[in-house]
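Commentary on secondary and tertiary structure
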Amino acid sequence: MGILHTVNKSPFEKSSLQSCLRYAKPGSALLLMEDGVYAALRGGAFEEPLKRAAADLSLYCLEPDLKARGFPPERLIDGIRLVDYGGFVDLAVEYDKVQAWL
Amino acid sequence: MEIKKFLYLNRRAPYGSGYAQESLDVVLIGAAFDQDISLLFLDDGVFQLKGGQDPADIDLKDFSPAYCALDMYDVEKLYVSGESLAARGLSGKDLLVKAEVLNDAQIRDLLDEHDVIFSF
Amino acid sequence: MGRGRPPIGYYRGQSVFTGDKIDMRFAIQINEGPYQHQTSDSAYQFTLAALEKGHEVVRVFFYHDGVNNGTRLATPPQDDRDITGRWSELAAAHGLDLVLCVAAAQKRGIVDEGEMRRLGKDADNIAPGFRISGLGQLIEAAIVADRLVVFGD
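Residues numbered from 1 in each chain as written. Chains lettered and ligands numbered in written order. Predicted model: local features only at pLDDT ≥ 70, side-chain atom pairs only at ≥ 80, totals over all residues.

1. Let's talk about the overall build of chain A
When helices and strands are counted, chain A shows four helices and five strands. When its helices and strands are written in sequence order, chain A yields β-α-β-α-β-α-β-α-β. The globule rule puts the C-alpha radius of gyration for 102 residues at 13 Å, and the 12 Å found for chain A is close to it. In terms of overall dimensions, chain A has C-alpha extents of about 30 × 25 × 25 Å along its principal axes. Counting all 102 residues of chain A, 59% fall into the buried class. If you take every contact in chain A between residues at least 6 apart in sequence, the share linking residues at least 24 apart comes to 68%. (Helix = DSSP H or I, 4+ residues; strand = E, 2+ residues; numbered from the N terminus. Rg over C-alpha atoms; globule rule 2.2 N^0.38 Å. Buried ≥ 20, exposed ≤ 12 C-beta atoms within 10 Å, placed from the backbone. Contact = placed C-beta atoms within 7 Å.)

2. Let's talk about the confidence of the model for chain B
One rule of thumb: low pLDDT means the predicted coordinates there are not for detailed reading. Model confidence for chain B is summarised by a mean pLDDT of 96, while 99% of its residues fall at 70 or above. Both confidence scores are given for the complex: pTM 0.94, ipTM 0.97. (pLDDT = per-residue confidence, 0-100.)

3. With respect to the nonpolar core
All names here are of chain A. Counting residues in each nonpolar core, the largest one holds 113 residues, and the members touching the most others are Leu-30, Leu-31, Leu-32, Cys-61 and Phe-88. Considering every element that reaches this core, the biggest residue donor is helix 4 (residues 85–94), with six residues. The residues touching Cys-61, leaving out its near neighbours within four places in the chain, are Leu-32, Val-37, Ala-40, Leu-66, Leu-76, Ile-80 and Leu-82. (Core = buried A, V, L, I, M, F, W, Y, C linked by C-beta atoms within 7 Å.)

4. With respect to the environment of Gly-52 of chain B
As for its position among the elements, Gly-52 of chain B is in the loop between strand 2 (36–41) and helix 2 (65–68). Separated by 51 residues in sequence, Gly-52 of chain B and Asn-103 of chain B have C-alpha atoms that sit 25 Å apart.

5. Overview of the environment of Asp-56 of chain A
Within the fold, Asp-56 of chain A resides in the loop between helix 2 (47–53) and strand 3 (58–62). On a C-alpha basis, the gap between Asp-56 of chain A and Ser-28 of chain A in space is 7.6 Å, while along the polypeptide they are 28 residues apart.

6. Brief notes about the interface of chain B and chain A
Between chain B and chain A, the residue contacts involve eleven residues of the former and ten residues of the latter. Elements that contribute at least two residues to the side of chain B that touches chain A include exactly helix 4 (104–113) and strand 5 (116–119) of chain B. In terms of residues, the side of chain B that touches chain A owes the most to one element, helix 4 of chain B, which gives five residues. A breakdown of the residues in the side of chain B that touches chain A according to their chemical character gives five nonpolar, one polar and five charged. (Nonpolar A, V, L, I, M, F, W, Y, C, P; charged D, E, K, R; others polar.)

7. Focus on the sheet that holds strand 5 (residues 147–151) of chain C
Residue and element names in this part refer to chain C. Taken together, the five strands give an open sheet; going across it, the order is 4-3-2-1-5, and neighbouring strands pair in parallel fashion. One side of each edge strand has no neighbouring strand; the edge strands of this open sheet are strand 4 (130–133) and strand 5. The average angle at which neighbouring strand axes cross in this sheet is 25°, direction not considered. Sheet topology note: the strand 1 (residues 25–30)/strand 5 ladder contains five bridges and is parallel. Along strand 5, the bridge assignment pairs Ile-28 with Val-149. Along the sheet face, helix 1 (residues 39–52) touches strand 1, strand 2 (56–62) and strand 5 and points at about 170° away from the line of strand 1. (Pairing = 2+ DSSP bridges. Axes fitted to C-alpha atoms, helices over the stretch in contact; angles between N-to-C directions.)

8. So, the packing of helix 4 of chain A against helix 1 of chain C
A pair of packed helices is characterised by two quantities: the angle between their axes and the separation of those axes. It is at 8 Å that the axes of helix 4 of chain A and helix 1 of chain C come closest, and there the two elements cross at 75°. As far as their axial angle goes, helix 1 of chain C and helix 4 of chain A are roughly perpendicular. Here Tyr-85, Gly-86, Phe-88 and Val-89 of chain A of helix 4 of chain A come into contact with helix 1 of chain C, specifically with Gln-45, Phe-46, Ala-49 and Ala-50 of chain C. Here the contact of helix 4 of chain A with helix 1 of chain C is built from residues that sort into six nonpolar, two polar and no charged. (Parallel < 35°, antiparallel > 145°, perpendicular 65-115°, else oblique.)

9. Focus: helix 4 of chain B
Note that an α-helix has 3.6 residues per turn; residues three or four places apart therefore point the same way. Residue and element names in this part refer to chain B. Regarding helix 4, the residues found buried are Ile-107, Leu-110 and Leu-111. Considered in projection along helix 4, the buried side chains sweep an arc of 95° and stay on one side of the axis. In helix 4, those exposed residues whose orientation departs by more than 90 degrees from the buried face are Ala-105, Asp-109 and Glu-113. (Arc of directions from axis to C-beta.)

Right, here's the structure in full:
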């Protein structure tokens, strides 16, 4: 089924998201969590790269982390599904393995 | 015990943090479990393999010789990202140990092929 | 896709992908200490959710600064979460195996009774529910589990 990639750092702080996008294969999933959720903001510098990535990857964002940081779902780029921790677990089950881009 | 394909993913430079050295400890201990082990050096992780490291003046331990001793533990599959090397002005000649240089597509395949990926 | 549907994961005990009761074995690796990074919090919430869904968590292995999650001597602010205490409680409730890497713990001064005697220390400080053991426990967990999930910074 592919890999569930997790990115937990802001792409403005670290290049982990960029590395993840370089190496993630079509059919895989990307979960943005912790500070990684900042990548998913509408109007942000990563809107375009993520929209392009959405053609090949299933994109998810951990809702508790987004809410913690003051952003409602409407501020997210289109095409990113929100999940809670239960959904994170479901994704980890559904995909073959989990790869953490720290 | 079943045999799984383990991939140790190294993305950090040595000395500025302790992840590189401590991740080597996992590799060495893990070698005793007869799994199928590969090491991948990506992003700043390629700096872990830079030859000629000399941390004496910062009073840190030079643990880089351990990379050369990995084959004694039957850990022989070392892979390095060509893109990460080039972006940092490095080439295969800079490395202290023989490692296969992979392009991006090969790295994607490598990640796919392994059962378990350790990140540090 | 998108915001019209309820977020997935809000259904307990079954996969929202297939509807089946899922029984998977997870190994969790935690690379950072409490409070300084969100790592231990994220790992805790994931572990809790996995247990609530009926999955098994084979082991939670604390490495690097993650061993600092295992000190008994922390006094969190009254109005903030008790990260160590929370792990101890979860371990007690579910029989979780919380393991601190011995080499990482030694360097950072997390000590159980055995280590205290072995190393000639005048105290031990390990929190309830945690134990100190070797890296082999991480490797073994990764072999036995269906999924290794790494939390770090």
